[in-house]
Amino acid sequence: MSQAQSIQVRPQGTGLAEFSLAVGGLAIGTGEFAAMGILPNLAQGIGVDIPTAGHTISAYALGVVVGAPLFAILGARMPRRMLLVLLMAIFAFGNLLSAAMSQYLPLIAARFVAGLPHGAYFGVASLVAASIVPHSQRASAVGRVMLGLSTANVIGVPLATWAGQWLGWRSLFVIVGALAVLTAVMVRLFVPRVAVAEGASVRNELSAFKEGQIWLTLLAASVGFGGIFAVYSYITPTLTEVTGIQESTVPWLLSLFGLGNIAGNIFGGKLADRSLKGTILGSFIWSAVALGLFVFAAKALWSAALLVFCIGCSVAVVPAMQTRLMDVGKKAQTLSAALNHSAFNIGNANGAWLGGLAISAGLGWTATGWVGALLALGGLLIIWLAFAIEKRSNP
């Protein structure tokens, strides 16, 4: 079976398969974002200050960046369903190991292990989802798989954060580990067996590093997507200091960001199936405008809430970029798709860092909106350049 082919699955079977893959996204998203909400509890539990406890988040992110290419290359010849089960098993192990740790360095190591399967899981899950639907519906299928990650922000993170605060920080990692085990079982039961792609090999996967279009697409993602996190990383103090709301109200506004994520994944996938390049360009423009307007909108509750939702919608670019990497990846689809999430995590880190620099420079909390808009425009410029080079190479 070639990589371009889709296998035939009954509609109800497709739904169960996509749901199973999305549960994995729920597990990963809950573990990644809820860990930020329990840092004070975690810090107290292992006897360090909060900034030091924050290194556990950095260790997880490093695991994502390292694990995406590692598993994509090592799993090149492995059937994709089997690879997904293995990735979820490792994710479960890393989280349950985290729950068992009582000291700083062992916990850092456990969080690194938990991060390793993150990027590869989403990359392989996207490829599997795209392979079980008609070619014209690939981006929509990818978007539905990504709904698990979006749902985590609306349901999984608040519930897991509450559990971590009231039942102890270890309970968060136990819950996430249990979700990972559930995902592994569901994938094994409901995801169809997808054969290894014809000609798949470590050598072919490594060929991704020679494809200029892959690098440009990843660069656009790491720069442009960083704009969202330039604002989101500091959204709580911005809403309390500028908008003037109580800290207890912040989670309700953050749920609007999650709802925006859900809308972005659904409609972004559908739009990408109609016009892939148009959706990518439009998403970056939407993001730049929304982030820029947030500078002014943050001063009032109603406008801040509206813009938080609109910024969340910017994730419409995710299924579109994932699908583009499948196209330009050629013989290295697994690696290129997995690297997409490494790029997004780099964007998260860069956005938070640059937004922090603007605040530290005394430009105010809302300056993160200008930083975010510039990053989104940077991503737009890079992907436009990629499209122009591609058009010149293939007139």
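Residues numbered from 1 in each chain as written. Predicted model: local features only at pLDDT ≥ 70, side-chain atom pairs only at ≥ 80, totals over all residues. Heavy atoms only, no water.

K.L.:
Kindly report on the overall build of the protein chain, identifying the contributing residues and their values.
P.N.:
The helix and strand tally for the protein chain stands at 18 helices and 0 strands. Against the compact-globule benchmark of 21 Å for 395 residues, the protein chain has a radius of gyration of 20 Å, which places it among compact chains. Taken over the C-alpha atoms alone, the protein chain extends approximately 55 × 50 × 35 Å along its principal axes. Here the protein chain holds 395 residues, and 58% of them are scored as buried. Relative to all contacts within the protein chain whose residues are 6 or more apart in sequence, the contacts with residues 24 or more apart total 84%. Carbon and sulfur atoms form 69% of the exposed surface of the protein chain, whose accessible area is close to 16300 Å². Averaging the coordinates of the 21 positive side-chain charges in the protein chain and doing the same for the 11 negative ones gives two points 10 Å apart. (Helix = DSSP H or I, 4+ residues; strand = E, 2+ residues; numbered from the N terminus. Rg over C-alpha atoms; globule rule 2.2 N^0.38 Å. Buried < 20%, exposed > 50% of the residue type's maximum accessible area, 1.4 Å probe, protein only. Contact = heavy atoms within 4.5 Å. Areas by Shrake-Rupley, 256 points an atom, 1.4 Å probe, with all protein chains shown as cover. Lys, Arg positive; Asp, Glu negative; His and termini not counted. Charge placed at Lys NZ, Arg CZ, Asp CG, Glu CD.)

K.L.:
Explain the side chain of Ser-126 residue by residue, including any values.
P.N.:
Structurally, Ser-126 can be placed in helix H6 (residues 104–131). Here Ser-126 falls in the buried class, since its relative accessible area comes to 0%. When residues no more than four places from it in sequence are discounted, the contact partners of Ser-126 are Val-142, Met-146, Gln-322 and Met-326.

K.L.:
Any chance you could break down the packing of aromatic side chains for me, citing the residues and the numbers?
P.N.:
Overall, the coordinates contain 7 aromatic pairs when judged by the stated rule. Relative to Phe-173, the ring of Trp-169 lies with its centre 6.0 Å away and its plane at 75°, an arrangement referred to as edge-to-face. You can see Trp-169 and its partner Phe-173 sitting in helix H8 (residues 169–190), 4 residues apart, about one turn around the helix. Here Trp-169 and Phe-173 have matching classes, each one buried. Ring centres 4.5 Å apart and planes at 50° place the aromatic pair Phe-225 and Phe-344 in the tilted group. Placement of the pair is Phe-225 in the loop between helix H10 (212–224) and helix H11 (226–232) and Phe-344 in helix H17 (residues 333–360), with a sequence separation of 119 residues. Given the relative accessible area of 9%, Phe-225 is considered buried. The class for Phe-344 is buried, based on a relative accessible area of 6%. (Phe/Tyr/Trp six-rings, centres within 6.5 Å; stacked < 30°, edge-to-face > 60°.)

K.L.:
So what's going on with the environment of Gly-119? Residues and values would help.
P.N.:
Mapped onto the elements of the fold, Gly-119 is located in helix H6. According to the relative accessible area criterion, Gly-119 is buried, its value standing at 0%. Here the alpha-carbon distance between Gly-119 and His-341, two residues 222 residues apart in the chain, equals 4.9 Å.

K.L.:
Describe helix H14 (residues 276–297), and please don't skip the residues or the numbers.
P.N.:
Since there are 3.6 residues in each turn of an α-helix, residues three or four apart along the chain are aligned in direction. With 22 residues, H14 extends 30 Å between its outermost C-alpha atoms, agreeing within 8% with the 32 Å of an ideal straight helix rising 1.5 Å per residue. If you check the start of H14, you find a side-chain oxygen 3.2 Å away from the backbone N of Gly-278, and it comes from Ser-275. (Expected span 1.5 Å × (residues − 1). Polar contact = N/O pair within 3.5 Å; in protein donor to acceptor, adjacent residues only side chain to side chain.)

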